[in-house]
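Analysis of the macromolecular model
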Amino acid sequence: MGQERQLLTLLSDGRFHSGEVLAAQLGGVSRAAIWKGIRLLETFGLEIHAVRGRGYRLAEPLELLAVERIQAALTAAARPWVAGIEIHERLDSTNSYLLNRAKDDLPGGWVCLAEYQSAGRGRRGRSWVSPFGANLYLSLLWRFSLEATLLSGLSLAVGVALMRTLTALGTSELGLKWPNDVLWRRRKLAGVLLEFGGESSGLCHIVAGIGLNVAMPRYAEPAIDQPWIDLRSIIGSERLSRNHLAARLISELVTAFVQFEQAGFAAFREEWSCYDLAQDQPVTLQLPTTTCSGIARGVDEAGALLLETEAGIRPFLGGEISLRLES
Ligand code: BTN
């Protein structure tokens, strides 16, 4: 375990620890080294109180992510499909990291989580606010033996996997805004960034990145540029373990990918429609260079949004399109 991880583990209870005791627990390092470690943790955005005579403590206790705890809580059906789980204290973006590693021979079913992302990415070039130890930032690599053209409904299937995870916690009033934003009373709880990479064989791999707001700290709020919500506000913090949530999410994701490989989007379409927040509602689609307004009429068998305008019903598909609910 790296020194910063050890320091974090010691501080994670939210109580005071003296510099002297911390130094001893880290194997006899100097108190200056502890001070440097504390400064480093602060660069992750963590709020640490330093009080003369008492030592250091985190402003809020933390449940750090732990590979063994996540692995132990995977469902039996998912376990064979999870090739490996790695957790980083800090990454620019878990998606960028996995996309890069996918060029090596990293197997499909590989999962990467980060406690903090310095450059978390959202859809359409937006950023994803990723404060330390508060939420889930997770990416899954999957290698498909299907051609990329058959994968169009996958991004909606990932939305269904998220909804399966969240409704199992007993949350209500959640829905999906095409293609896969999870909203609670019109405020964003989770987002999905799906990125494709080609292979010389003509097959492809994808990295599915999920950002799920669990307990957004106050200091991060001003950076968020859209209406948002976190799980803590919906269901209360007592029932939330990030490790358990990560395990449930990974389990649902791999199960959904296996299901998608076998049966395509057809296996998800009805379920997706049950969560569709835009069904029969006025919406505006923001396309790369223009907008288009009409009434949303569900999705077709490829996961394309069906938009009714005076010209009739037309399908819209693609990662660069976003939907705005108008009513
Ligand atoms: C969106 O709704 O705009 C998509 C947000 C996706 C955020 C996640 S966090 C984990 C993964 N790594 C990233 O850089 N982005 C995704």
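Residues numbered from 1 in each chain as written. Predicted model: local features only at pLDDT ≥ 70, side-chain atom pairs only at ≥ 80, totals over all residues. Heavy atoms only, no water.

A short note on helix H3 (residues 31-43)
Under the convention used in this document: Each helix corresponds to a stretch of at least 4 residues labelled H or I by DSSP, and each strand to a stretch of at least 2 residues labelled E; elements are numbered beginning at the N terminus. The span one expects for a helix is its residue count, reduced by one, times 1.5 Å. The cut-offs for exposure are 20% and 50% of the maximum accessible area for each residue type, with area from a 1.4 Å probe on protein chains only; residues under the lower value are buried, those over the upper are exposed, and the others partly exposed. The directions from the helix axis to the C-beta atoms form the arc being described.
Across its 13 residues, H3 extends 19 Å between first and last C-alpha, which sits within 8% of the 18 Å expected from 1.5 Å per residue. When H3 is considered as a whole, its buried residues turn out to be Ile34, Gly37, Ile38 and Leu41. Projected down its long axis, H3 shows its buried positions confined to an angular sector of 100 degrees, all on one face. In H3, the exposed positions angled more than 90 degrees off the buried face are occupied by Ala32 and Lys36. Gly45, located one to two residues past H3, shows a positive phi value of around 100 degrees.

Some remarks on the sheet that holds strand E13 (residues 312-316)
Stated precisely, the cut-off is as follows: Whether two strands pair depends on DSSP finding at least two bridges between them. Every axis in this analysis is a line fitted to C-alpha atoms, fitted for helices over the stretch in contact. Angles between the N-to-C directions lie between 0 and 180 degrees.
Taken together, the 5 strands give an open sheet; going across it, the order is E13-E12-E11-E10-E14, and neighbouring strands pair in antiparallel fashion. Edge positions in the sheet fall to E13 and strand E14 (322-325), since each has one partner strand and no second. Along the sheet, successive strands turn relative to each other by an average axial angle of 45 degrees, direction set aside. Taken together, the 4 bridges between strand E10 (residues 282-286) and E14 define a ladder with antiparallel strand orientation. Bridge pairing in E14 places Gln286 opposite Ser322.

Here's the deal with the pattern of salt bridges
Heads up, the condition is: Should a side-chain nitrogen of Lys or Arg be within 4 Å of a carboxyl oxygen of Asp or Glu, the pair is scored as a salt bridge.
Counted according to the given criterion, the structure contains 17 salt bridges. Note that Glu195 and Arg121 form a salt bridge whose closest N and O atoms lie 2.8 Å from each other. Of this pair, Glu195 sits in strand E8 (residues 187-198) while Arg121 sits in the loop between strand E4 (110-117) and strand E5 (136-144), and the two are 74 residues apart along the sequence. One salt bridge in this structure joins Arg324 and Glu326, with 3.1 Å as the shortest N-O distance. What you see here is one network of salt bridges that share partners, running through Glu86, Arg101 and Asp104.

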